[in-house]
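# Structural overview for review
So you can see what is in the structure, the chains are spelled out below.
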Amino acid sequence: MSTLTIPHPLPPVSDDCEQLRQAFSGWGTNEGLIISILGHRNAAQKKLIRQTYAETYGEDLLKQLDKELTNDFERIVKLWTLDAAERDAILANEATKRWTSSNQVLMEIACTRTSNELLHAKQAYHVHFKKSLEEDVAHHTNGDFRKLLYPLVSSYRYEGTEVNMTIAKSEAKLLHEKISKKAYNDEDLIRILATRSKPQINATLNHYKNEFGNDINKDLKDEKDEYLALLRATVKCLVRPEKYFEKVLRLAINKTGTDEGALTRVVATRAEVDMKIIKEAFQQRNTVPLDKAIVKDTTGDYEKMLLALVGHEE
C-alpha cells in the first residue's frame, strides 16, 4: 500500500535520468531536483531509472549518489533507491556486523516481510556478500538470541489464511506452560513463533488471551531483559507490525537527540508497504501527525526526503 504521491503524468524515464545527471553537474549538487525525482518514484520506476542511467552514462546511479551526497540525506536516498531485497540484505548485513542484544533489525526483517520477500532478501545477500544470511546470523549472535534469530531468518512461512483452531488451542496452552515456567528460550515456544503462519499465530495468541486472561506480551514483561524485549518485539512484528514500527519511530523521534538510523530505516522500508497504517497508529498514540514530528526533529534535505516518502503533501 503506497503512500507516495506520484505526480501525473510522469516524465519518461530518460528525462528522469537526464535531470539526475544535471543535478550532479555544475557547481554543487542540486539536492532538490534529486528529491523531486527519486522521492516520488515507486519501486518499478526506480529500477528502470537505475538501469537506464547505467546504460546511458555508463555509471552506477548509486555510486554517483554516494559521491555527491553526504550524511543522513545520502543514507535515506541510497536506501530508498535500492530494490527492496537489496535494501534488506544490506540492512541485515549491517545488523550482523554491529550486532548487539538490543538490535532488533534482523528480527524485524524476518518477521515483517512475506516469505517470498525474505527469500529474495536472502538471495540478494548471497549476491552481495558471497555467503548466506543464516551463516552470518549463526556466526555473529549467541546464546538465546541465536536460538531465536536463526530459525526466524531461516523461515519460509505458509502465506495462506487457513487456521487450525485445534492447533491454536493446544499451542496457546503450550506457550502458557512454558512462559509460566519462565522457559522463554524453550524450543517449542521458538518453533511456534518461527514456523507458524501469521494468521495461525494470531489465532493462537487470541486464544491465549481469552483462555489465560493476559496478552502474551504482558506475560513476557521484564524491563531489563533484552532477550525478552526481542521476544515481545517478535510477537508484535508478527501480529501488529504497524504498532511495532510506530514504537520504533516514536523512540527515534522522541528521544533527546534523534535516532536517524531507525527513522531512516523505517521510512525507507515501509514507505511503499504500510506507511499509511503506521501514520495512523503514530497519530493515535502521539496525538501529533508523523510529518509534523519529523519537521520538528529533522532539518534540510534529509527532512524534505523523509516528508516526500511518508507521503506529505504540501
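Residues numbered from 1 in each chain as written. Predicted model: local features only at pLDDT ≥ 70, side-chain atom pairs only at ≥ 80, totals over all residues. Heavy atoms only, no water.

This part is about the pattern of salt bridges. Enumeration over the complete set of coordinates arrives at 21 salt bridges. Note that K276 and E280 form a salt bridge whose closest N and O atoms lie 3.8 Å from each other. Note that K276 and E280 are positioned in helix 18 (residues 275-286) at a spacing of 4 residues, about one turn of the helix. Judged by relative accessible area, K276 falls into the partly exposed class, the value being 44%. Judged by its relative accessible area of 46%, E280 falls in the partly exposed class. Through salt bridges that share partners, E171, D188, R191 and R196 make up one connected network. (Salt bridge = Lys/Arg side-chain N within 4 Å of Asp/Glu carboxyl O. Helix = DSSP H or I, 4+ residues; strand = E, 2+ residues; numbered from the N terminus. Buried < 20%, exposed > 50% of the residue type's maximum accessible area, 1.4 Å probe, protein only.)

The computed volume of the largest pocket comes to approximately 1400 Å³. Residue lining of the largest pocket: 49 residues in total, with Q104, A233, Y244, K247 and V248 positioned closest to the centre. Sort the elements by how many residues they give to the lining of the largest pocket and helix 15 (residues 226-239) lands first, with 8 residues. For the lining of the largest pocket, a count of residues per class yields 15 nonpolar, 12 polar and 22 charged. Its boundaries defined by the atoms lining it, the second largest pocket holds a volume of some 480 Å³. Lining the second largest pocket are 24 residues; nearest its centre among them are A84, R113, E117, T269 and V273. Within the residue set of the lining of the second largest pocket, elements represented by two or more residues are helix 3 (43-57), helix 6 (84-97), helix 7 (105-112), helix 8 (115-129), helix 15 and helix 17 (260-270). (1 Å grid on protein atoms, 1.4 Å probe; cavity = no way out; pocket = protein on both sides within 12 Å on 5 of 7 lines; lining within 4 Å. Points joined across faces, edges and corners; volume = space filled by probe spheres on them. Nonpolar A, V, L, I, M, F, W, Y, C, P; charged D, E, K, R; others polar.)

Unusually for a residue other than glycine, K182 sits at a positive phi of about 60 degrees. By the element assignment, K182 lies in the loop between helix 11 (165-180) and helix 12 (187-195). Classification of K182 by relative accessible area gives exposed; the value is 60%. We note that T287 has phi near 50 degrees; this positive angle belongs to a residue other than glycine. When you line up the elements, T287 lands in the loop between helix 18 and helix 19 (290-297). Judged by relative accessible area, which is 71%, T287 ranks as exposed.

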